Amino acid sequence: MRAVRPPSPATVAFHDHAGVALTLLPPDVLSVVTIVAFLGGLSVVTIGPGGVFVTVALYTMTSLYHSTVAGTTSAVFAAAGLVGAYLYTRSGEISAAEDRRNALSLGAGSGFGALIGVYVNSIVDAGLFRLVFALVVVGIGLTLLYRERVGLSPLLDPGWSGVRLALVFAAVGFATGIPSGLLGIGGPAFSVPVLVVLGIPLAYSVAVAQVQMVFVAGFATVGYLQYDAVLVPVALVVGVPMIAGMVLGWRARTRVDGATLRLVLAVVLVGIGGYMLA
């Protein structure tokens, strides 16, 4: 695949010396990114949005090019999705045949959408990317705030099931896969709020979104590899604490005050997005 623009300086440096990850992440930044990744892992298995914090941290605290941030975080989320899918299958949330069909439909749709997002990322400049990213972060935060403070009426007929419901999941996956691939967020940050608005229970939405994360981030990673936009050392530095947070969050998910956590997450997301827009 022909790259639309030259590789970023960070990507070139990576090919010259794999230790560039330590240069890009000095001790103070490394400490913050590690904590953010751990907290993001906790969040992604309890309320859905969480990986967005990792993307924001790498984008705002390092000199990485926006495509490299999206490609690297996509690789992290692909691995994290495998772990999340295993955990929720093990606990029974997505073990039934219909649950697996819904999860796979969501994932398959998002995978194709992610490839479109990767292409769009390759042709937008850094300024436009920052603007879109900030608006999306604020939008996610405001959606969560509105849901917690006002409430949202379900849009989906509760009687829907089988193939009809699977097609709804596939459509949601495709629609949310495009911005996920574009921004390198992973999937649940978009799909969980949409599914909840449609009337799907939060716990079930989070569970199927783990499978979606495998598809959307996996397809996106393949796309970004074509542009040499995945830094493996940085992915490892971020991925290990995130997966640790996911395991802990999965174990503690029934003891966490979900409403308070969602409210805090929403406020933080609006604040981060506002900062990026300033």
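Quantities reported herein were computed from a predicted structural model and do not represent experimental measurements. (Residues numbered from 1 in each chain as written. Predicted model: local features only at pLDDT ≥ 70, side-chain atom pairs only at ≥ 80, totals over all residues. Heavy atoms only, no water.)

Caption draft 1: Molecular detail of the overall build of the protein. Each helix and strand counted, the protein has 12 helices and zero strands in total. What you see in the protein, going N to C, is helices and strands ordered as α-α-α-α-α-α-α-α-α-α-α-α. Buried positions account for 53% of the 278 residues belonging to the protein. Contacts spanning at least 24 positions in sequence make up 86% of the contacts within the protein whose residues lie at least 6 apart. Carbon together with sulfur atoms contributes 70% to the accessible area of the protein, which is approximately 11700 Å² in total. (Helix = DSSP H or I, 4+ residues; strand = E, 2+ residues; numbered from the N terminus. Buried < 20%, exposed > 50% of the residue type's maximum accessible area, 1.4 Å probe, protein only. Contact = heavy atoms within 4.5 Å. Areas by Shrake-Rupley, 256 points an atom, 1.4 Å probe, with all protein chains shown as cover.)

Caption draft 2: Just a nonpolar patch on the surface, in detail. Taken together, the side chains of Phe112, Leu115, Ile116, Phe174 and Phe219 present a nonpolar region at the surface, about 440 Å² in accessible area. Ranked by residue count, the leading element in the nonpolar patch is helix α6 (residues 97-123), at three residues. Examined against the element boundaries, Leu115 turns out to sit in helix α6. (Patch = residues over 30% accessible without salt bridge, like charges linked within 9 Å, V, L, I, M, F, W, Y side chains within 5 Å. Salt bridge = Lys/Arg side-chain N within 4 Å of Asp/Glu carboxyl O.)

Caption draft 3: Layout of the packing of aromatic side chains. Per the counting criterion, the structure on display carries two aromatic pairs. Taken together, a centroid distance of 6.4 Å and an interplanar angle of 75 degrees make the contact between Phe169 and Tyr204 edge-to-face. Placement of the pair is Phe169 in helix α8 (residues 162-183) and Tyr204 in helix α10 (residues 202-225), with a sequence separation of 35 residues. We note that Phe169, like Tyr204, is buried. (Phe/Tyr/Trp six-rings, centres within 6.5 Å; stacked < 30°, edge-to-face > 60°.)

Caption draft 4: View of the packing of α6 against α8. For the pair α6 and α8, interaxial distance at closest approach is 5 Å and the crossing angle is 30 degrees. Viewed along their axes, α6 and α8 adopt a mutual orientation that is roughly parallel. Every pair of crossing elements has a handedness; the one defined by α6 and α8 is right-handed. Class assignment for the residues of the contact of α6 with α8 results in 14 nonpolar, 11 polar and two charged. (Axes fitted to C-alpha atoms, helices over the stretch in contact; angles between N-to-C directions. Parallel < 35°, antiparallel > 145°, perpendicular 65-115°, else oblique. Left-handed = near helix turned anticlockwise from the far one by under 90°. Nonpolar A, V, L, I, M, F, W, Y, C, P; charged D, E, K, R; others polar.)

Caption draft 5: Quick peek at the confidence of the model for the protein. For the protein, the mean per-residue pLDDT works out to 77, and 83% of the residues sit at or above 70. Mean pLDDT across the secondary structure elements of the protein bottoms out at helix α1 (residues 9-16), with 39, and peaks at helix α11 (residues 232-252), with 87. Per-residue pLDDT stays below 50 along residues 1-19; that stretch engages in 31 contacts with residues further than four places along the chain or on separate chains. (pLDDT = per-residue confidence, 0-100.)

Caption draft 6: Region of the structure containing α8. Between its first and last C-alpha atoms α8 spans 32 Å; for 22 residues at 1.5 Å apiece the expected length is 32 Å, and the two agree. Of all the bends in α8, the greatest, near 30 degrees, is centred on Gly177, and the proline Pro179 appears no more than four residues after it. In the stretch just after α8, Gly184 is the one whose phi turns positive, near 70 degrees. (Expected span 1.5 Å × (residues − 1). Bend = angle between axes of the 7 residues up to and from the residue.)

Caption draft 7: Structural view of the packing of α6 against α10. Across the interface, α6 lies against α10 with an axial gap of 7 Å and an inter-helix angle of 35 degrees. Handedness of the α6/α10 crossing: right-handed. Of the residues that constitute the contact of α6 with α10, the class distribution is 17 nonpolar, seven polar and two charged.

Caption draft 8: Expanded view of unusual backbone geometry. Within the chain, Asp228 stands out as a residue other than glycine whose phi angle is a positive 55 degrees. When you line up the elements, Asp228 lands in the loop between α10 and α11.

Caption draft 9: Highlighting the environment of Val232. Within the secondary structure, Val232 is located in helix α11. Under the relative-accessibility criterion, Val232 is labelled partly exposed at 47%. Taking C-alpha positions, Val232 is 9.9 Å from Thr73, a pair spaced 159 residues apart along the chain.

Caption draft 10: The arrangement of the environment of Gly40 in detail. Here Gly40 is to be found in helix α3 (residues 27-44). When its relative accessible area of 0% is taken as the criterion, Gly40 is described as buried. Considered as a pair, Gly40 and Thr55 are 15 residues apart in the sequence and their alpha carbons are 9.9 Å apart. Every residue in contact with Gly40, bar those within four places of it in the chain, is listed here: Gly50 and Gly51.

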